[in-house]
Amino acid sequence: MDSTTIKKLAEQHGFSEGAVMEVATAMQRGNGRMAQFNHPELGGSGQWMAGGMMMIGDMFNNALKARVQSLCDALAGEVSITPLQQMKMNPLQQWWPEELGLPTTAGSQNNSHYAYFAMKDRLAIKRGGKLYLYNTSGHVIIGAAQQQADHTKTLTFQTHSGSMSETDFELIEMQSAKD
C-alpha cells in the first residue's frame, strides 16, 4: 500500500500513519478478510474480521472501537491482496513446517504460538518445545484466546461454528519444534 493512501486514511480516521500501517500489514497477512494487530492508538491488541467481528484490548471504549472498525473496513477495500505464497517473511519467524507455506493468521499468547493455514485446513501450535499439528476440518478460525487455568494452558479458537478448544481439532502430528 502506498504512503499517500496510508496518510489519507490516517487523516480520515484520526490515527497516526504508524497505526494505519500496523492494520494494513495485519490485513495483508489476513488476505484482506481478517487482521490481528497490536498498537496503543488502536486500544492495544485487537482483531477484526470481514463481516463485523471486531475486538480491541480497550474493550469498553466504544468510540475507539467504532473508529478502529471504520479504519479496518476502509483498509479492507484498499489493501492489495498479494497471494500468501508470494509474501515475504523473515525465515527466523517461521517455526511451522515449511510445506504449510505462509499462514492466514498467526499469533502468540504467553508461551504458546499458533499459525492457521486456511487453504490447507491446518493449525500449528508451538508450546514447550513441541509442535502440534491439527486438522481444522473446514472450520474457519477467526480469533484465539488462551485459557489460564493452573493445570492447563490451552488455546481456544473462535470459528464460524463457535468456540473450539485446540483439543477439539484432530491431532495429526506432534514433534519437536524448531526454535
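Residues numbered from 1 in each chain as written. Predicted model: local features only at pLDDT ≥ 70, side-chain atom pairs only at ≥ 80, totals over all residues. Heavy atoms only, no water.

Thoughts on helix 3 (residues 62-78)
Helical geometry: 3.6 residues make up each α-helical turn, so side chains three or four residues apart lie on a common side.
Piece 1. Across its 17 residues, helix 3 extends 24 Å between first and last C-alpha, which sits within 8% of the 24 Å expected from 1.5 Å per residue.
Piece 2. Against helix 1 (3-13), helix 2 (17-29), strand 1 (34-39), strand 2 (44-49) and strand 3 (53-56) lie the buried residues of helix 3. (Helix = DSSP H or I, 4+ residues; strand = E, 2+ residues; numbered from the N terminus. Expected span 1.5 Å × (residues − 1). Contact = heavy atoms within 4.5 Å.)

Looking at the sheet that holds strand 1
Piece 1. Spatially, 1-2-3 is the arrangement adopted by the 3 strands of the open sheet, whose pairing is antiparallel. Two strands bound the open sheet, and with one partner strand each, they are strand 1 and strand 3. The mean inter-strand angle of the sheet, taken between neighbouring strand axes irrespective of direction, is 5°.
Piece 2. Both strand 2 and strand 3 contribute to a ladder of 4 bridges, which runs antiparallel. (Pairing = 2+ DSSP bridges. Axes fitted to C-alpha atoms, helices over the stretch in contact; angles between N-to-C directions.)

A few points about unusual backbone geometry
Piece 1. Here Asp-121, not a glycine, exhibits a phi torsion of approximately 55°, which is positive.
Piece 2. With respect to the element layout, Asp-121 can be found in the loop between strand 5 (112-117) and strand 6 (122-127).
Piece 3. With relative accessibility at 26%, the residue Asp-121 sits in the partly exposed group.
Piece 4. Of note in the backbone geometry, Ser-137 takes a positive phi value of approximately 45° without being a glycine.
Piece 5. With respect to the helices, strands and loops of the structure, Ser-137 is situated in the loop between strand 7 (130-135) and strand 8 (141-146).
Piece 6. Take Ser-137: its relative accessible area is 49%, and that puts it in the partly exposed class. (Buried < 20%, exposed > 50% of the residue type's maximum accessible area, 1.4 Å probe, protein only.)

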